[in-house]
Amino acid sequence: MSRLVSRRKFLTTSAAGIAGVALSGCDQFDAVLRGGHPVRDFMIGANELTMGVQRALLGREALAKEFSESEIRQGQRPNGSTDPNSEDYLALKANDFADYALVVDGLVAAPARYSLAELRNMPSRTQITRHDCVEGWSCIAKWTGVPLAHILDEVGVQANARYCVFHCFDSLGGGFSRGPYYESIDMLDARHPQTILAYGLNEEALPVANGAPLRVRIERQLGYKMAKYIRRIEVVDNFARLHGGNGGYWEDRGYEWYAGI
Amino acid sequence: MSATTGERDDTQPHRTKGPLVYRQSIWTRVTHWVWVICLFFLLFSGLQIFNAHPTLYIGQESGFEYDNSVLSMHAERRPEGGYAGYTTVLGNRIDTSGVFGYSGTEANPEFRGFPSWLTIPSYRDLATGRVVHFFFAWILVGVLFVWAVASFFNGHLRRDIVPKGADLKALPADAAEHARFRFRHHKGYNALQKLAYAFIFFIVFPAIILTGLSMSPGMNTAWPWLIEVFGGRQTARTIHFTAMLVLVLFFIVHIVMVVLAGPINELRSMITGWYRVDPGKEDRS
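Given the structure is predicted, the values throughout are model-derived calculations rather than measurements.

### Concerning the side chain of His156(B)
So, point 1. Tracing the backbone shows His156(B) in helix H4 (residues 156–161).
So, point 2. The residues touching His156(B), leaving out its near neighbours within four places in the chain, are Gln24(B), Thr28(B), Trp147(B), Ser151(B), Ile161(B) and Tyr189(B).

Below you can see the structure in the form of structure tokens.
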């Protein structure tokens, strides 16, 4: 008898509890979801699983879908920084990037600097791909550039190298703590055939709004990985010492390092 | 309080009470409640993610220089001052000030698709919305797998979920009974129940999971056929959102049915497994 009563009590209490949470709104969970809270950190662990499964399914060379010319129906939508105002960038822009040089260093046999002309004279790849933003939108455009693998072969990557870090001219703020943009990818993505340092967009020179003079395309991940305004590529064995230590501007602000989803 | 009053809600007073029967296995009950938790967090973290770009489109990409949108929430300045929130659905613009597009207070206006009380976290935080969403998505899929295997072996699928010829024949009569709010309490599921659960398990859950995966650039490369099935990434996003609406609708109907059919009896069967059936209905029929 008392079993039934307590059961009923349990049911009413739990129903009231659920209703209470629902009615008081979703801010009930805010406290445990702030950056650095163990609950949030625990849930981030699911991203390791996502990356492991996707990498197992993907294979090293699997190519992202490439589209036909007729599927380019608009310009590439710019996002994030669209007009950097750092002094060194403005100076380069004033001269149409004639004095630009990409620095490649870190764990490489022969650190190097490449002018835009030199990059344009390297083997190139053109691909029409869909850019998927973490915000949810997509845009199809034609990108032309030099495969990153080619650059890595030129400079000779050391055996302990694990990541390519892209250091950029721009910095971002806007609601977040301001900081220089940077991103990192591992060697598997760095050597992927579609990973290119793009200097051309839709048959023209890459515009400033889209990352002139050089941006990276990483077609199997989301847009925030594809750093624009690249000044330097640093090859490293870990990125813990860089900026916030999470391997990218957005990663330092709570986003996942692996952005395949 | 005596046990008799405690059970008054179980059956309608004019009826004689039937016996308690063991209706829901431990597999059904545990997975049910895990889904409740998962779907709760998936829904509200999903609305957080939607808010990062509160427009849905049809096709591979989002039209910025042309219009292929089907739903959009945004704020606009009113001619007389202040702001208004608008939701545009298939070209029809609806003023949804205070809820969609524009919410908050005058002192603290918020320009966002869904209001803060419908998102996790309540403030704008796409990164955390994604963390919560993907965490519970994995649990949902894992538990769905456990449920499917268990339900296959314990007969729940065959007995209670997959509709059979007899169920389709019984459907008109069953629908008429539901429409009159007359609910049978049998050990087995009725035709409408079977159809509703089959629809959710075999159509809506697979659709919402697979369209979710279709938004992943990694999965697009691993399984390139998947996104084509749904007609492109932006269509997949729209279907994902629509499937969410279907689940919300299912939830509302589900709760209404539980309340109308006798909430104590229904809840007890999903917590302890024991269900009080109408007299003479102890067998699965």
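### A closer look at the packing of aromatic side chains
Residues and elements named next belong to chain B.
So, point 1. The tally for this structure, following the rule as stated, stands at 37 aromatic pairs over all chains.
So, point 2. Measuring from centroid to centroid gives 5.6 Å for tyrosine 102 and phenylalanine 111, while their planes differ by 35°, and the two rings are tilted.
So, point 3. Tyrosine 102 sits in the buried class, given a relative accessible area of 12%.
So, point 4. Between phenylalanine 201 and phenylalanine 205, the aromatic rings sit 5.6 Å apart at their centres with planes inclined by 75°, giving edge-to-face as the arrangement. Here phenylalanine 201 pairs with phenylalanine 205, and both are found in helix H6 (residues 191–214), just 4 residues apart, close to one helical turn.

### Re empty space enclosed by the protein
So, point 1. Summed over all chains, the structure comprises 3 cavities of 30 Å³ or more.
So, point 2. When its volume is computed, the largest cavity comes out at roughly 140 Å³.
So, point 3. Looking at the largest cavity, it is lined by 13 residues, and the ones nearest its centre are Ala64(A), Lys65(A), Phe67(A), Arg130(A) and Asn220(B).
So, point 4. Taken together, the elements giving at least two residues each to the lining of the largest cavity come down to strand S3 (125–132) of chain A together with helix H7 (217–222) and helix H8 (224–229) of chain B.

### What about the pairing of strand S5 (residues 163–172) of chain A?
Residue and element names in this part refer to chain A.
So, point 1. Burial of S5 is extensive: 9 of the 10 residues sit out of reach of the surface.
So, point 2. Across 7 bridges, S5 lies against strand S6 (residues 179–186) in antiparallel orientation. Within the sheet, the bridge partner assigned to phenylalanine 166 lies in S6 and is glutamate 183.
So, point 3. By the bridge criterion, 6 bridges tie S5 to strand S10 (residues 230–236) in an arrangement that is antiparallel. Within the sheet, the bridge partner assigned to phenylalanine 166 lies in S10 and is isoleucine 233.

### Some points on the layout of surface pockets
The gaps of empty space that remain are located by a probe, the size of a water molecule, rolled over the atoms.
So, point 1. Volume-wise, the second largest pocket comes out at about 1,200 Å³.
So, point 2. If you go around the second largest pocket, you meet 50 residues; those closest to its centre are Val134(A), Tyr224(A), Trp250(A), Tyr255(A) and Ala127(B).
So, point 3. Residue assignment for the lining of the second largest pocket shows that the elements contributing at least two residues are helix H3 (38–44), helix H4 (46–58) and S5 of chain A together with helix H2 (26–51) and helix H3 (126–154) of chain B.
So, point 4. Tallied by class, residues from the lining of the second largest pocket come to 20 nonpolar, 16 polar and 14 charged.

### Here's the deal with the interface of chain A and chain B
So, point 1. Each partner contributes to the interface: chain A provides 58 residues, whereas chain B provides 55 residues.
So, point 2. Buried area between chain A and chain B, summed over both chains or domains, comes out near 4,900 Å², and the portion from carbon and sulfur atoms is 64%.
So, point 3. Across the chain A-chain B interface, the total number found is 3 salt bridges.
So, point 4. Put simply, Glu256(A) and Arg130(B) hold a salt bridge, and the shortest N to O gap is 3.2 Å.
So, point 5. Viewed at the interface, chain B and chain A are joined by 24 residue pairs in polar contact (both at pLDDT 80 or more).
So, point 6. When residues of the side of chain A that touches chain B are traced back to their parent elements, those giving at least two are helix H1 (2–23), helix H2 (30–33), H3, H4, S3 and strand S4 (138–147) of chain A.
So, point 7. Per-class residue counts for the side of chain A that touches chain B are 31 nonpolar, 10 polar and 17 charged.

### Things to note about the sheet that holds strand S3 (residues 69–77) of chain B
Residues and elements named next belong to chain B.
So, point 1. If you trace the 4 strands from one edge of the open sheet to the other, you get S2-S3-S4-S5, paired in antiparallel fashion. Of all strands in the sheet, those with a lone pairing partner are strand S2 (55–57) and strand S5 (92–95), marking the two edges. The sheet shows a mean angle of 25° between the axes of neighbouring strands, direction not considered.
So, point 2. Across 4 bridges, the pairing between strand S4 (residues 83–89) and S5 is antiparallel.

Basis of the calculations
Within each chain, residues carry numbers counting from 1 in the order of the written sequence. Chain labels run from A onward and ligand labels from 1 onward, assigned in the order the entries are written. Under the rules for a predicted model, residues below a pLDDT of 70 receive no local features and side-chain atom pairs below 80 are neither given nor counted, while totals for whole chains, interfaces and linings still include all residues. Remark: hydrogens and water are excluded; side-chain values derive from all non-hydrogen atoms of the structure. Segments assigned H or I by DSSP are reported as helices when at least four residues long, segments assigned E as strands when at least two residues long, and all are numbered from the N terminus. By definition in these notes, contact holds between two residues if any of their heavy atoms fall within 4.5 Å. Two aromatic rings, drawn from Phe, Tyr or Trp (for Trp, its six-membered ring), form a pair once their centres lie within 6.5 Å of each other, and the interplanar angle then sorts them: stacked below 30 degrees, edge-to-face above 60, tilted otherwise. Each residue is placed in one exposure class: buried if its accessible area under a 1.4 Å probe, protein chains only, is under 20% of its type's maximum, exposed if it is over 50%, and partly exposed if it falls in between. For cavity detection a 1 Å grid was placed over the protein atoms alone, and a set of points counts as a cavity when a 1.4 Å probe fits there but cannot get out; an open set counts as a pocket when protein lies on both sides within 12 Å along at least five of seven lines, with lining residues being those that have an atom within 4 Å of a point. Grid points are joined across faces, edges and corners, and a volume is the space filled by probe spheres set on the points. Only strands joined by at least two bridges in the DSSP assignment are considered to pair. Residues are sorted three ways: Asp, Glu, Lys and Arg are charged, Ala, Val, Leu, Ile, Met, Phe, Trp, Tyr, Cys and Pro are nonpolar, and all the rest, Gly among them, are polar. Reported buried area values correspond to the accessible surface (1.4 Å probe) lost by two parts on association, with both partners' losses combined. Here a salt bridge means any side-chain nitrogen of Lys or Arg lying within 4 Å of a carboxyl oxygen belonging to Asp or Glu. Contacts described as polar in this section are N or O atom pairs within 3.5 Å, which, within protein, must combine one atom able to donate a hydrogen with one able to accept it, while residues neighboring in sequence count only if both atoms come from side chains. Axes here refer to lines fitted to C-alpha atoms; in helices the fit is confined to the stretch in contact. Angles between the N-to-C directions go from 0 to 180 degrees.

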